[in-house]
Amino acid sequence: MTQPPGPTAPVMPSAPPAAPGPLPPVPSALADPAAGPAPDGPARRGERGLWAEAAARTRAAAMTEPGRLRVIGAVLVVLVLACGAVTVWQVTARADAADAVLHSSQRLSADAAEIHRSLADANTTAASGFLAGGEEPRAAGERYDENIGTAAELITRAAASGEGSPAARSQLSVLGRGLPRYTGLVEAARANNRQGLPIGGAYLRYADQQMRTELLPAARTLYETETARYARDHEDATAWPWGALLLGAAALGTLGWAQRRHFLRTNRVFNRGLVAATGATVALLVWLAVAHGVAAAQLNDADESGARSQHVLNEALVAALEARGDEGMTLVARGGGAQYEETYQASMAALAGSGTGEDGLLGDALARADDAEGREPVSTARDQVARWRERHAEARELDNTGEYGDAVAKVIGPSDSTGEAFDAVDTALRDALAHERREFTDAARAGRGALTGLAVGAGILGLAGAAGVVAGMGRRLSEYR
């Protein structure tokens with residue numbers, strides 16, 4: 001029997017429904033549209049995929065013959081251009097250093113030496129003029145004034161040029177302050193000597209002391225500073241451009257390997273573009289090696305036969321001037337000049353050694369002279385130094401026996417005197433110095449001239465070599481199109 005229709009009885013579930021769980025996280029791009037994709041989101045993964053795909057395509061292309069040719073061509077272009085650029089840089093630096101040797105540092109060194117000589121000569125002349133008594137010989141006064149004027153002019157010019165180092169400017173400042181004080185003391189000594197006052201000798205001794213303890217040491221330091229600067233410029237000018245040479249050798253080696261590779265793969269002997277690049281690189285290296293070799297040889301010759309000879313002759317001339325000043329001050333001191341006699345003997349020993357002239361500064365200068373024109377004046381100076389020593393011994397004997405007037409005449413007299421011998425030494429050494437200056441200038445100018453045009457030529461050859469590589473590799477690549 002069927003049940004009558006009616007509401008169906010509810011069916012109880014077997015288990016209660018589960019509570020709703022947490023919602024999945026909202027992607028950051030949806031939460032904040034301006035934030036962009038998540039770091040590890042699909043966009044970033046896609047970007048990495050693009051890069052990986054591009055790298056893979058590049059590697060695959062490089063493994064093909066056209067790809068290899070492009071890589072080889074790029075390496076060759078970089079090497080050839082680098083060789084040309086480094087050559088331009090290094091040659092320009094050496095040309096600038098050679099210019100400094102010729103026109104700047106050597107000139108400043110020569111000016112510093114002239115300051116030193118002028119001051120020593122002025123001090124010597126002041127002592128000789130004082131010995132003549134109240135009426136100083138006109139020639140002595142003119143020579144003193146000329147030396148002081150030369151020193152003052154060179155000091156002012158060197159200070160105004162601004163070319164020197166801080167150490168050089170410091171010494172120039174000492175000279176600029178001290179020279180007026182020295183000349184003031186000398187003028188006081190002259191004025192008192194004209195009046196026959198003994199205090200004139202004291203003023204001259206004070207002036208001589210200032211010259212020896214302040215001015216001459218400053219002038220010597222200035223000379224040594226500028227000479228060291230010249231030596232650095234000379235070293236920079238003669239240093240071999242190893243960077244350019246090594247890059248050129250690397251470019252040539254790579255060009256040779258590339259052409260051999262092409263020959264083995266195509267059985268073609270020449271690639272015109274690469275042959276042209278090789279020729280340009282060879283021309284660059286040969287020009288660089290020959291030009292720099294000639295320049296270095298000439299600059300070294302200028303240093304050996306010019307600058308170093310000048311240094312020795314400068315030292316010899318200053319030693320002669322200082323010895324002459326000591327000789328005069330020995331008599332000015334009137335019995336109290338033992339220290340001047342000692343320094344005279346030391347200066348003469350430095351000048352001519354034992355007296356034979358085979359050693360000392362004159363012996364060194366004679367050994368460095370490389371032609372008859374340079375040796376002749378040095379030989380004359382050596383002979384006159386021997387005569388000077390003999391006459392000085394006679395003058396000292398006269399002074400020691402109380403014959404002061406005869407001793408003075410033996411020192412400053414017009415003939416058969418130490419002054420006559422000194423003048424001959426001074427003239428001979430100045431002649432030798434002028435000869436060595438000319439030799440230095442000629443050799444240094446030839447050295448600088450050897451580098452003329454090399455920097456411009458290196459740039460042109462570097463560009464021509466790179467163009468040859470591009471043309472040669474382009475020719476090979478066209479075969480694969």
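Let's talk about the overall build of the protein chain
Piece 1. Within the protein chain, the secondary structure is distributed over 14 helices and zero strands.
Piece 2. Counting from the amino terminus, helix and strand elements in the protein chain follow one another as α-α-α-α-α-α-α-α-α-α-α-α-α-α.
Piece 3. Taken over 481 residues, the protein chain has a buried fraction of 44%.
Piece 4. Considering only intrachain contacts with a sequence separation of at least 6, the fraction spanning at least 24 residues in the protein chain is 82%.
Piece 5. Here the protein chain displays about 24500 Å² of accessible surface, and carbon together with sulfur accounts for 60% of that area.

Section: helix α6 (residues 199-238)
An α-helical segment advances 3.6 residues per turn. Residues three or four places apart therefore align on the same side.
Piece 1. Along its 40 residues, α6 runs 57 Å from first to last C-alpha, staying within 8% of the 58 Å computed at 1.5 Å per residue.
Piece 2. Along its length, α6 shows its largest kink, about 40°, at Met-211.

Digging into the packing of helix α8 (residues 272-332) against helix α12 (residues 404-412)
In a packed pair of helices, the relevant descriptors are the angle between the two axes and the axis-to-axis distance.
Piece 1. Running from amino to carboxyl end, α8 crosses α12 at an angle of 165°, the nearest separation of the two axes being 11 Å. Between α8 and α12, the angle is such that the two are roughly antiparallel. Taken as a pair, α8 and α12 cross one another with a handedness that is left-handed. Contact residues: Arg-324, Glu-327, Leu-331 and Val-332 in α8; Tyr-404, Ala-407, Val-408, Val-411 and Ile-412 in α12.
Piece 2. Residues that form the contact of α8 with α12 fall into these classes: seven nonpolar, no polar and two charged.

Things to note about the nonpolar core
Piece 1. Membership of the largest hydrophobic core comes to 67 residues, with the highest contact counts inside it found for Leu-119, Leu-175, Tyr-182, Leu-362 and Trp-388.
Piece 2. The element that contributes the greatest number of residues to this core is α8, accounting for eleven residues.
Piece 3. Other than its neighbours up to four places away in sequence, Trp-388 contacts Ala-320, Ala-323, Arg-324, Glu-327, Tyr-344, Met-348, Thr-418, Ala-421, Phe-422 and Val-425.
Piece 4. In terms of nonpolar packing, the next biggest core, distinct from the first, is built from 15 residues, Val-77, Val-80, Leu-255 and Val-469 among them.

Side note on empty space enclosed by the protein
Piece 1. Under the defined criterion, the tally for this structure stands at five cavities of 30 Å³ or more.
Piece 2. By volume, the largest cavity is sized at about 90 Å³.
Piece 3. If you trace the largest cavity, you find twelve residues lining it, with Leu-108, Ala-158, Leu-172, Leu-222 and Glu-226 closest to the centre.
Piece 4. The set of elements that each furnish at least two residues to the lining of the largest cavity consists of α3 (65-131), α4 (138-161), α5 (166-194) and α6.
Piece 5. Broken down by class, the residue content of the lining of the largest cavity amounts to seven nonpolar, two polar and three charged.

Here is what the cut-offs are and how they apply
- Residues numbered from 1 in each chain as written.
- Predicted model: local features only at pLDDT ≥ 70, side-chain atom pairs only at ≥ 80, totals over all residues.
- Heavy atoms only, no water.
- Helix = DSSP H or I, 4+ residues; strand = E, 2+ residues; numbered from the N terminus.
- Buried < 20%, exposed > 50% of the residue type's maximum accessible area, 1.4 Å probe, protein only.
- Contact = heavy atoms within 4.5 Å.
- Areas by Shrake-Rupley, 256 points an atom, 1.4 Å probe, with all protein chains shown as cover.
- Expected span 1.5 Å × (residues − 1).
- Bend = angle between axes of the 7 residues up to and from the residue.
- Axes fitted to C-alpha atoms, helices over the stretch in contact; angles between N-to-C directions.
- Parallel < 35°, antiparallel > 145°, perpendicular 65-115°, else oblique.
- Left-handed = near helix turned anticlockwise from the far one by under 90°.
- Nonpolar A, V, L, I, M, F, W, Y, C, P; charged D, E, K, R; others polar.
- Core = buried A, V, L, I, M, F, W, Y, C linked by side-chain atoms within 4.5 Å.
- 1 Å grid on protein atoms, 1.4 Å probe; cavity = no way out; pocket = protein on both sides within 12 Å on 5 of 7 lines; lining within 4 Å.
- Points joined across faces, edges and corners; volume = space filled by probe spheres on them.

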